[in-house]
Amino acid sequence: MQKNARVVKILLDSLPFIRIFRGEIIVIKYGGAAQSSLDLKEKFALDIVMMYMLGLKPVIIHGGGKRINEVLESLKIPSEFSNGYRVTCADSMRVVEMVLSGEINKELTAFLNFHGAKAVGISGKDANLLQARAKDNGALGYTGEITKVNPEFLLKTINEGFVPVIAPIANGENARHLGYNINADLCACHIAKALKAKKVIFLSDIPGVLDENKELISSLTPSEIKELESRGVISGGMIPKLEACVDCVENGVQKAHIIDGRVEHSLLLELFTTQGIGTEICNNTTKENK
(Lines give C-alpha, C1' and ligand atoms only; values in the text may rest on other atoms or scores of the structure.)
Protein backbone atom coordinates (compact mmCIF):
# COMPACT_ATOMS: atom_id res chain seq x y z
CA MET A 1 0.00 0.00 0.00
CA GLN A 2 2.81 2.44 0.86
CA LYS A 3 4.42 1.83 -2.52
CA ASN A 4 1.11 2.52 -4.27
CA ALA A 5 0.68 5.72 -2.27
CA ARG A 6 4.15 6.90 -3.37
CA VAL A 7 3.28 6.25 -6.99
CA VAL A 8 0.04 8.24 -6.65
CA LYS A 9 1.91 11.10 -4.94
CA ILE A 10 4.43 11.26 -7.79
CA LEU A 11 1.61 11.35 -10.34
CA LEU A 12 -0.20 14.11 -8.44
CA ASP A 13 3.02 16.13 -8.07
CA SER A 14 3.47 16.05 -11.84
CA LEU A 15 0.01 17.50 -12.60
CA PRO A 16 0.96 21.21 -12.33
CA PHE A 17 3.84 20.70 -14.74
CA ILE A 18 1.69 18.75 -17.21
CA ARG A 19 -0.80 21.63 -17.10
CA ILE A 20 1.94 24.22 -17.72
CA PHE A 21 3.65 22.39 -20.59
CA ARG A 22 0.64 20.83 -22.33
CA GLY A 23 0.47 22.18 -25.88
CA GLU A 24 3.92 23.80 -25.60
CA ILE A 25 6.87 23.18 -27.91
CA ILE A 26 9.84 21.67 -26.07
CA VAL A 27 13.08 21.45 -28.08
CA ILE A 28 15.44 18.69 -27.01
CA LYS A 29 19.04 18.24 -28.07
CA TYR A 30 19.80 14.51 -27.89
CA GLY A 31 23.42 13.43 -27.75
CA GLY A 32 26.34 12.39 -25.59
CA ALA A 33 26.01 9.43 -23.26
CA ALA A 34 22.26 9.13 -23.95
CA GLN A 35 23.29 7.58 -27.30
CA SER A 36 25.80 5.17 -25.79
CA SER A 37 23.62 2.07 -25.45
CA LEU A 38 20.46 0.64 -26.95
CA ASP A 39 18.90 0.61 -23.48
CA LEU A 40 19.44 4.35 -22.95
CA LYS A 41 18.30 5.09 -26.49
CA GLU A 42 15.03 3.26 -25.94
CA LYS A 43 14.45 4.88 -22.54
CA PHE A 44 14.98 8.29 -24.14
CA ALA A 45 12.44 7.36 -26.82
CA LEU A 46 9.97 6.32 -24.11
CA ASP A 47 10.40 9.71 -22.40
CA ILE A 48 9.59 11.45 -25.67
CA VAL A 49 6.55 9.22 -26.24
CA MET A 50 5.31 10.03 -22.71
CA MET A 51 5.68 13.77 -23.42
CA TYR A 52 3.87 13.30 -26.73
CA MET A 53 1.00 11.36 -25.13
CA LEU A 54 0.61 14.04 -22.42
CA GLY A 55 0.07 16.70 -25.06
CA LEU A 56 3.52 18.29 -25.20
CA LYS A 57 5.09 19.00 -28.58
CA PRO A 58 8.66 17.67 -28.56
CA VAL A 59 11.14 18.57 -31.30
CA ILE A 60 14.40 16.60 -31.30
CA ILE A 61 17.77 17.67 -32.67
CA HIS A 62 20.39 14.97 -32.35
CA GLY A 63 24.14 14.90 -32.45
CA GLY A 64 26.33 11.87 -33.03
CA GLY A 65 29.92 12.88 -32.40
CA LYS A 66 31.11 9.62 -30.86
CA ARG A 67 29.73 7.52 -33.69
CA ILE A 68 31.19 9.94 -36.27
CA ASN A 69 34.59 9.60 -34.59
CA GLU A 70 34.37 5.80 -34.78
CA VAL A 71 33.56 5.80 -38.49
CA LEU A 72 36.23 8.41 -39.30
CA GLU A 73 38.82 6.37 -37.42
CA SER A 74 37.81 3.16 -39.20
CA LEU A 75 38.23 4.96 -42.55
CA LYS A 76 41.53 6.54 -41.42
CA ILE A 77 40.19 10.06 -41.98
CA PRO A 78 41.86 12.53 -39.60
CA SER A 79 39.63 14.37 -37.12
CA GLU A 80 40.34 17.45 -35.03
CA PHE A 81 38.47 20.05 -32.98
CA SER A 82 38.89 23.78 -32.42
CA ASN A 83 37.22 25.35 -29.35
CA GLY A 84 34.68 22.56 -29.21
CA TYR A 85 33.84 22.60 -32.94
CA ARG A 86 34.70 19.81 -35.36
CA VAL A 87 36.99 20.79 -38.25
CA THR A 88 35.15 19.20 -41.21
CA CYS A 89 36.96 18.40 -44.46
CA ALA A 90 35.09 17.19 -47.57
CA ASP A 91 35.65 13.50 -46.76
CA SER A 92 34.58 13.88 -43.15
CA MET A 93 31.52 15.91 -44.25
CA ARG A 94 30.32 12.92 -46.23
CA VAL A 95 30.78 10.70 -43.17
CA VAL A 96 29.02 13.21 -40.91
CA GLU A 97 25.97 13.26 -43.16
CA MET A 98 25.95 9.48 -43.57
CA VAL A 99 26.08 8.87 -39.80
CA LEU A 100 23.69 11.62 -38.73
CA SER A 101 21.04 11.40 -41.45
CA GLY A 102 21.38 7.76 -42.45
CA GLU A 103 22.05 6.00 -39.15
CA ILE A 104 21.28 7.88 -35.94
CA ASN A 105 18.28 9.78 -37.28
CA LYS A 106 16.52 6.71 -38.61
CA GLU A 107 17.30 4.59 -35.56
CA LEU A 108 15.73 7.12 -33.19
CA THR A 109 12.75 7.67 -35.48
CA ALA A 110 12.12 3.92 -35.54
CA PHE A 111 12.22 3.70 -31.71
CA LEU A 112 9.69 6.53 -31.39
CA ASN A 113 7.31 5.11 -33.98
CA PHE A 114 7.49 1.64 -32.48
CA HIS A 115 6.46 2.95 -29.05
CA GLY A 116 3.50 4.97 -30.28
CA ALA A 117 4.62 8.44 -31.39
CA LYS A 118 4.24 9.71 -34.95
CA ALA A 119 7.87 10.59 -35.63
CA VAL A 120 9.42 11.77 -38.87
CA GLY A 121 13.17 11.85 -39.45
CA ILE A 122 14.48 14.80 -41.44
CA SER A 123 17.70 16.61 -42.27
CA GLY A 124 18.21 20.35 -42.20
CA LYS A 125 18.45 20.06 -45.98
CA ASP A 126 14.80 18.97 -46.25
CA ALA A 127 12.37 21.74 -47.27
CA ASN A 128 15.25 24.20 -46.86
CA LEU A 129 14.84 23.85 -43.10
CA LEU A 130 18.37 25.09 -42.39
CA GLN A 131 20.58 27.36 -44.47
CA ALA A 132 24.15 28.11 -43.42
CA ARG A 133 27.50 29.64 -44.30
CA ALA A 134 31.05 28.59 -43.45
CA LYS A 135 31.97 29.27 -39.84
CA ASP A 136 34.99 31.51 -39.14
CA ASN A 137 35.34 32.35 -42.85
CA GLY A 138 35.98 28.72 -43.74
CA ALA A 139 38.71 28.05 -41.17
CA LEU A 140 36.75 24.96 -40.00
CA GLY A 141 36.08 23.60 -43.48
CA TYR A 142 32.51 22.40 -43.92
CA THR A 143 31.54 23.29 -40.38
CA GLY A 144 28.87 25.95 -40.71
CA GLU A 145 26.80 28.49 -38.85
CA ILE A 146 23.09 28.82 -39.45
CA THR A 147 21.86 31.88 -41.33
CA LYS A 148 18.18 30.97 -41.71
CA VAL A 149 15.59 28.55 -40.29
CA ASN A 150 12.30 27.69 -42.02
CA PRO A 151 9.88 27.50 -39.04
CA GLU A 152 6.76 27.23 -41.22
CA PHE A 153 7.75 23.76 -42.37
CA LEU A 154 8.40 22.60 -38.80
CA LEU A 155 5.24 24.18 -37.38
CA LYS A 156 3.13 22.48 -40.03
CA THR A 157 4.78 19.15 -39.21
CA ILE A 158 4.22 19.65 -35.45
CA ASN A 159 0.61 20.81 -35.85
CA GLU A 160 -0.18 17.72 -37.89
CA GLY A 161 0.80 15.63 -34.87
CA PHE A 162 4.33 14.58 -35.82
CA VAL A 163 7.49 14.60 -33.72
CA PRO A 164 10.30 16.02 -35.89
CA VAL A 165 13.68 14.30 -35.45
CA ILE A 166 16.28 16.57 -37.03
CA ALA A 167 19.82 15.81 -38.20
CA PRO A 168 21.92 19.02 -37.95
CA ILE A 169 23.01 19.24 -41.58
CA ALA A 170 22.36 22.51 -43.43
CA ASN A 171 22.17 23.51 -47.07
CA GLY A 172 25.12 25.35 -48.59
CA GLU A 173 25.28 28.26 -50.99
CA ASN A 174 24.40 26.30 -54.14
CA ALA A 175 22.90 23.01 -55.29
CA ARG A 176 26.30 21.32 -55.71
CA HIS A 177 27.55 22.23 -52.24
CA LEU A 178 28.12 19.27 -49.88
CA GLY A 179 26.24 21.06 -47.13
CA TYR A 180 27.40 22.13 -43.69
CA ASN A 181 28.01 20.26 -40.47
CA ILE A 182 26.22 22.24 -37.76
CA ASN A 183 27.00 21.98 -34.05
CA ALA A 184 23.90 20.23 -32.68
CA ASP A 185 23.68 22.47 -29.59
CA LEU A 186 23.62 25.63 -31.71
CA CYS A 187 21.21 23.99 -34.14
CA ALA A 188 18.82 23.28 -31.24
CA CYS A 189 19.15 26.90 -30.16
CA HIS A 190 18.28 28.32 -33.59
CA ILE A 191 15.29 26.00 -33.93
CA ALA A 192 14.04 26.79 -30.41
CA LYS A 193 14.19 30.52 -31.15
CA ALA A 194 12.48 30.14 -34.54
CA LEU A 195 9.67 28.07 -33.01
CA LYS A 196 9.35 30.32 -29.91
CA ALA A 197 9.72 27.19 -27.79
CA LYS A 198 8.84 27.12 -24.10
CA LYS A 199 12.06 25.32 -23.22
CA VAL A 200 15.19 23.92 -24.79
CA ILE A 201 16.82 20.96 -23.06
CA PHE A 202 20.36 19.72 -23.77
CA LEU A 203 21.17 16.13 -22.84
CA SER A 204 24.85 15.89 -21.98
CA ASP A 205 27.25 13.35 -20.47
CA ILE A 206 27.80 15.32 -17.25
CA PRO A 207 25.35 16.25 -14.46
CA GLY A 208 25.21 19.87 -15.66
CA VAL A 209 27.50 22.89 -15.28
CA LEU A 210 30.10 22.31 -12.57
CA ASP A 211 31.97 24.87 -10.49
CA GLU A 212 35.70 24.88 -9.59
CA ASN A 213 35.07 22.17 -6.98
CA LYS A 214 33.19 19.98 -9.47
CA GLU A 215 29.91 20.70 -7.69
CA LEU A 216 26.71 21.09 -9.70
CA ILE A 217 25.48 24.64 -10.27
CA SER A 218 21.68 24.36 -10.32
CA SER A 219 20.91 27.76 -11.87
CA LEU A 220 22.80 30.34 -13.95
CA THR A 221 22.23 33.63 -15.75
CA PRO A 222 24.11 34.87 -18.84
CA SER A 223 26.27 37.24 -16.78
CA GLU A 224 27.26 34.44 -14.41
CA ILE A 225 28.17 32.23 -17.37
CA LYS A 226 30.39 34.95 -18.82
CA GLU A 227 32.18 35.29 -15.49
CA LEU A 228 32.76 31.52 -15.20
CA GLU A 229 34.12 31.43 -18.76
CA SER A 230 36.54 34.29 -18.04
CA ARG A 231 37.92 32.30 -15.10
CA GLY A 232 38.38 29.15 -17.18
CA VAL A 233 35.76 27.18 -15.24
CA ILE A 234 33.87 26.60 -18.50
CA SER A 235 35.90 25.29 -21.45
CA GLY A 236 35.93 22.93 -24.43
CA GLY A 237 32.63 21.51 -25.64
CA MET A 238 30.72 23.22 -22.82
CA ILE A 239 31.42 26.62 -24.44
CA PRO A 240 29.17 26.18 -27.54
CA LYS A 241 26.53 24.47 -25.37
CA LEU A 242 26.31 27.44 -22.99
CA GLU A 243 26.56 29.93 -25.86
CA ALA A 244 23.48 28.22 -27.26
CA CYS A 245 21.68 28.43 -23.89
CA VAL A 246 22.43 32.14 -23.50
CA ASP A 247 21.35 32.89 -27.07
CA CYS A 248 18.05 31.09 -26.43
CA VAL A 249 17.08 32.80 -23.18
CA GLU A 250 18.05 36.21 -24.57
CA ASN A 251 15.81 35.66 -27.60
CA GLY A 252 12.44 34.50 -26.36
CA VAL A 253 12.94 30.96 -25.02
CA GLN A 254 11.83 30.92 -21.37
CA LYS A 255 14.52 28.60 -20.02
CA ALA A 256 17.36 26.37 -21.17
CA HIS A 257 18.43 23.25 -19.31
CA ILE A 258 21.54 21.08 -19.36
CA ILE A 259 20.82 17.64 -17.90
CA ASP A 260 22.59 14.31 -17.54
CA GLY A 261 21.68 11.96 -20.38
CA ARG A 262 23.21 9.04 -18.46
CA VAL A 263 20.38 9.21 -15.91
CA GLU A 264 17.44 7.05 -16.91
CA HIS A 265 14.34 9.11 -17.73
CA SER A 266 16.22 12.35 -17.07
CA LEU A 267 13.81 14.28 -19.32
CA LEU A 268 10.79 13.29 -17.25
CA LEU A 269 12.61 14.07 -14.01
CA GLU A 270 13.50 17.54 -15.28
CA LEU A 271 10.08 18.39 -16.68
CA PHE A 272 7.66 16.80 -14.23
CA THR A 273 9.27 16.93 -10.78
CA THR A 274 9.64 19.87 -8.43
CA GLN A 275 13.32 19.30 -7.77
CA GLY A 276 14.41 18.57 -11.33
CA ILE A 277 18.02 17.75 -12.22
CA GLY A 278 20.91 19.46 -13.97
CA THR A 279 21.49 23.18 -14.55
CA GLU A 280 18.87 25.68 -15.71
CA ILE A 281 19.75 28.92 -17.48
CA CYS A 282 17.33 31.85 -17.35
CA ASN A 283 17.66 35.47 -18.35
CA ASN A 284 17.29 37.01 -14.88
CA THR A 285 18.64 36.67 -11.36
CA THR A 286 15.33 35.70 -9.80
CA LYS A 287 14.86 32.06 -8.97
CA GLU A 288 11.55 30.97 -10.42
CA ASN A 289 9.47 27.87 -10.53
CA LYS A 290 9.73 25.74 -13.64
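Residues numbered from 1 in each chain as written. Predicted model: local features only at pLDDT ≥ 70, side-chain atom pairs only at ≥ 80, totals over all residues. Heavy atoms only, no water.

Per an unreviewed UniProt entry, the protein goes by Acetylglutamate kinase and derives from Helicobacter magdeburgensis. In its Subcellular location (unreviewed entry) section, the UniProt record describing the protein reads: "Cytoplasm". (UniProt positions renumbered as here; feature names shortened; annotations may be inferred.)

When helices and strands are counted, the protein shows 9 helices and 14 strands. On the principal axes, the C-alpha backbone points of the protein span a range of 60 × 45 × 35 Å. Within the protein, contacts between residues separated by at least 24 positions form 74% of all contacts whose residues are at least 6 apart in sequence. Of the roughly 13,800 Å² that the protein leaves accessible, carbon and sulfur atoms contribute 52%. When the 34 basic and 34 acidic side-chain charges of the protein are each reduced to a single mean position, those positions are 5 Å apart. (Helix = DSSP H or I, 4+ residues; strand = E, 2+ residues; numbered from the N terminus. Contact = heavy atoms within 4.5 Å. Areas by Shrake-Rupley, 256 points an atom, 1.4 Å probe, with all protein chains shown as cover. Lys, Arg positive; Asp, Glu negative; His and termini not counted. Charge placed at Lys NZ, Arg CZ, Asp CG, Glu CD.)

With that settled, consider the sheet that holds strand β9 (residues 169–170). What the 4 strands build is an open sheet, ordered β6-β7-β10-β9; its pairing is mixed. In the strand order of this sheet, the two ends are held by β6 (130–134) and β9, each with one partner. For β9 and strand β10 (residues 180–182), the ladder comprises 2 bridges, and the chain directions are antiparallel. Across the sheet, I169 pairs through a bridge with N181, a residue of β10. Each of β6, β7 (143–149) and β10 touches helix α6 (residues 184–195); the most contacted strand, β7, lies at about 5° to it. (Pairing = 2+ DSSP bridges. Axes fitted to C-alpha atoms, helices over the stretch in contact; angles between N-to-C directions.)

All told, the structure shown has 1 cavity of 30 Å³ or more when counted by the stated rule. L40, F44, G261, V263 and H265 are, among the 11 residues lining the largest cavity, the residues nearest its centre. No other element matches the 4 residues that helix α2 (residues 38–53) contributes to the lining of the largest cavity. (1 Å grid on protein atoms, 1.4 Å probe; cavity = no way out; pocket = protein on both sides within 12 Å on 5 of 7 lines; lining within 4 Å. Points joined across faces, edges and corners; volume = space filled by probe spheres on them.)

For the largest pocket, the calculated volume is near 700 Å³. If you go around the largest pocket, you meet 29 residues; those closest to its centre are K29, G65, F81, G84 and N183. When residues of the lining of the largest pocket are traced back to their parent elements, those giving at least two are α3 (65–74), β4 (85–87), β10, α6, β11 (199–204) and α8 (238–249). No other element matches α3, which puts 4 residues into the lining of the largest pocket. The residue makeup of the lining of the largest pocket, split by class, is 10 nonpolar, 13 polar and 6 charged. (Nonpolar A, V, L, I, M, F, W, Y, C, P; charged D, E, K, R; others polar.)

When you line up the elements, L112 lands in helix α4 (residues 90–114). We classify L112 as buried; its relative accessible area is 0%. For L112 and K214, which are 102 residues apart along the polypeptide, the C-alpha to C-alpha distance reads 35 Å. For L112, the contacting residues outside a window of four places in its chain are A45, I48, V49, I60, A117, A119, V163 and V165. (Buried < 20%, exposed > 50% of the residue type's maximum accessible area, 1.4 Å probe, protein only.)

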